[in-house]
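# Working through the structure, step by step
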Amino acid sequence: MQRGFRDLKRLIKQAEFKKYFFNTSWMMSEKIVTMGIGLIVSIFVARYLGPENFGILSYAASLTSLFAISTHLGLHGLAIREIVKYPEDDHQVLGTVFGLKMITAIIATIAFILFAIYTTKPGNEEFWVLCLMAGVILFKPFQVFDFWFQAKVKAKYSSIARGINSLVLALVKIVLVVFSATLLAFAFTYLLSAVLIALLFLFFYKSESNTSLFDWDFNLSRAKHLLSQGWMIMAGSFFAILYLKVDQVMLRWLVNAEEVGVYSVAATLSEAWYFIPGIIVASLFPKLIELRDKSEEKFKLRLQHLFDILSVLALFIAIFITLIADPAIHLLYGLEFQQASVILSIHIWAGIFIFMRAVFSKWILIEDAIAFSMLTHGAGAIANVILNLILIPGYGGVGAAVSTLLSYAMASYISLLFYKKSRPLFWMMSKSLVAPIRYSIKYFCI
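Residues numbered from 1 in each chain as written. Predicted model: local features only at pLDDT ≥ 70, side-chain atom pairs only at ≥ 80, totals over all residues. Heavy atoms only, no water.

## What about the environment of tyrosine 263?
Of note, tyrosine 263 is situated in helix α10 (residues 257-271). What makes tyrosine 263 buried here is its relative accessible area of 1%. Sequence spacing of tyrosine 263 and glutamine 339 is 76 residues, and the spatial spacing of their C-alpha atoms is 8.4 Å. When sequence neighbours within four positions are dropped, the list of residues in contact with tyrosine 263 reads Asp247, Gln248, Leu251, Ile343, His347, Gly397, Ala400, Ala401 and Thr404. Of note is the side chain of tyrosine 263, whose polar atom sits 2.8 Å from the side chain of aspartate 247. (Helix = DSSP H or I, 4+ residues; strand = E, 2+ residues; numbered from the N terminus. Buried < 20%, exposed > 50% of the residue type's maximum accessible area, 1.4 Å probe, protein only. Contact = heavy atoms within 4.5 Å. Polar contact = N/O pair within 3.5 Å; in protein donor to acceptor, adjacent residues only side chain to side chain.)

Below, the structure written as structure tokens:
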């Protein structure tokens, strides 16, 4: 392990990495600040609303994520690539991507409202919460500004925008708690957040770009080209969101809103750590590409080191959270949410597979195995839905946590065994799962 960390430290000092470090540091800082603020505020909101109302809010947010995935279209990485590759055409790339996203956003919003009419009683509080959340989808197309910032290595502006948005929304929610606001008022904050981040993105884009929004244009040929490449990425993203958010939706259908609220508290604390591996691996991605071209042996060695570091980090987090889950839930959320401690102590172990998945995801891009990524996410989504149907009726949120753990293991670990090209990564991950034992034996044998 010491050697792995020394190698990681040496990588960070490399000249090739330095040009990415400043941009990445903004991303890391923004994630830490927004996650920290969001977590603290969610504690106040959950305690104020109670398990049932907090469950309705969480259920609505999960449904929004599921419907909003249609606006993804697999265009994130493709749009950034096109802007980098054809900087003189960025007005056309942005206009085309924005147009495609807006079309799907309108369709998804209408579908969401129809779903709300069908599944709830029109006019009751839950129905209006869902309708307010549906409005959030209409602002998803404004993510194109973020693509431009990333392509131009100006991600700090996206980070600043999200940081301002988080601070404003945190203050608004605290005010709502202080003045005993209704559930609808808290649902409205999601729509307010979507509007605010869109305006901030627009402001920074206008200040940094020489291109006017009126110069944007939609190109049908480019749209067809992008969609032809992005559909598999979109399918994989859909499956990924499905097995990340379907637990709360199925808990609402199979149990009740209160169970969703309890589960959501545990999931929030568990998933708060998921940004860490993404930032680490994204920072080292350019070096991995370089190593893949220069030396297959060194490339595999670097992958193993990353798997080891991330799996050990996830293991320490899982053990720590498991040990403090019960007193932490009691202290932070109170007795109403005490059952969340059991759910948290199970759910947190899924992080081991999420952390290692970050490395696997970059391997997929390097090896051009996007189709396999879609299949693994699909396997995880199907496994999660089936396991939820089996476990939730009898075990509620605890069953959903077990389903999450097993489905993540299926999607990000077990499925790799069945594909010849990814099988070496399965064995790398297997070695990483026992990394503490491996390095302990190596240390004491020297």
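Picking up where we left off.
## Describing the side chain of glutamine 304
Along the polypeptide, glutamine 304 turns up in helix α12 (residues 296-333). Excluding residues that lie within four positions of it along the chain, glutamine 304 makes contacts with Met428, Lys431, Ser432 and Arg438.

## Looking at the packing of helix α14 (residues 351-366) against helix α15 (residues 370-412)
Two quantities define a packed helix pair, namely the angle between the helix axes and the distance between the axes. Their axes nearest at 10 Å, the elements α14 and α15 cross at an angle of 160°. Judged by the inter-axis angle, α14 sits roughly antiparallel to α15. Pair α14 / α15 crosses with left-handed handedness. Residue-level inspection shows Phe353, Ile354, Arg357, Phe360 and Ile364 of α14 in contact with α15, the latter providing Ile370, Phe372, Ser373, Thr376, His377, Leu405, Tyr408, Ala409, Ala411 and Ser412. Among the residues forming the contact of α14 with α15, the class breakdown is 10 nonpolar, four polar and one charged. (Axes fitted to C-alpha atoms, helices over the stretch in contact; angles between N-to-C directions. Parallel < 35°, antiparallel > 145°, perpendicular 65-115°, else oblique. Left-handed = near helix turned anticlockwise from the far one by under 90°. Nonpolar A, V, L, I, M, F, W, Y, C, P; charged D, E, K, R; others polar.)

## A few points about the packing of helix α13 (residues 340-347) against α15
Look at α13 against α15: their axes get within 9 Å of each other, and the N-to-C directions meet at 10°. The pairing of α13 with α15 is recorded here as roughly parallel in orientation. On the side of α13, the interface is formed by Val342, Ile343, Ile346 and His347, while α15 contributes Gly397, Val398, Ala401, Val402, Thr404 and Leu405. Of the residues contributing to the contact of α13 with α15, the split by class is seven nonpolar, three polar and no charged.

## Observations regarding the environment of valine 260
Here valine 260 shows up in helix α10. Using a relative accessible area of 0% as the deciding quantity, one classes valine 260 as buried.

## Thoughts on the packing of aromatic side chains
Counting across every chain of the model gives 24 aromatic pairs. Taking the centre distance of 5.3 Å and the plane angle of 70° together, the rings of phenylalanine 203 and phenylalanine 204 count as edge-to-face. On the basis of relative accessibility, which here comes to 54%, the residue phenylalanine 203 falls in the exposed class. By the ring-pair criterion, three or more aromatic residues cluster together here, those being Phe98, Phe139, Phe142, Phe145, Trp148, Phe149, Tyr157, Phe201, Phe203, Phe204, Tyr205 and Trp216. If you follow lysine 173 out to its NZ or CZ, it ends over the ring of tyrosine 190, 5.3 Å from the centre. Across the ring face of tyrosine 59, the terminal group of arginine 252 is positioned such that the distance to the ring centre comes to 5.9 Å. (Phe/Tyr/Trp six-rings, centres within 6.5 Å; stacked < 30°, edge-to-face > 60°. Lys NZ or Arg CZ within 6 Å of the ring centre and 35° of its normal.)

## Remarks on unusual backbone geometry
Notably, serine 180 is not glycine yet its phi reads approximately 55°, a positive angle. Structurally, serine 180 can be placed in the loop between α7 (155-178) and α8 (183-208).

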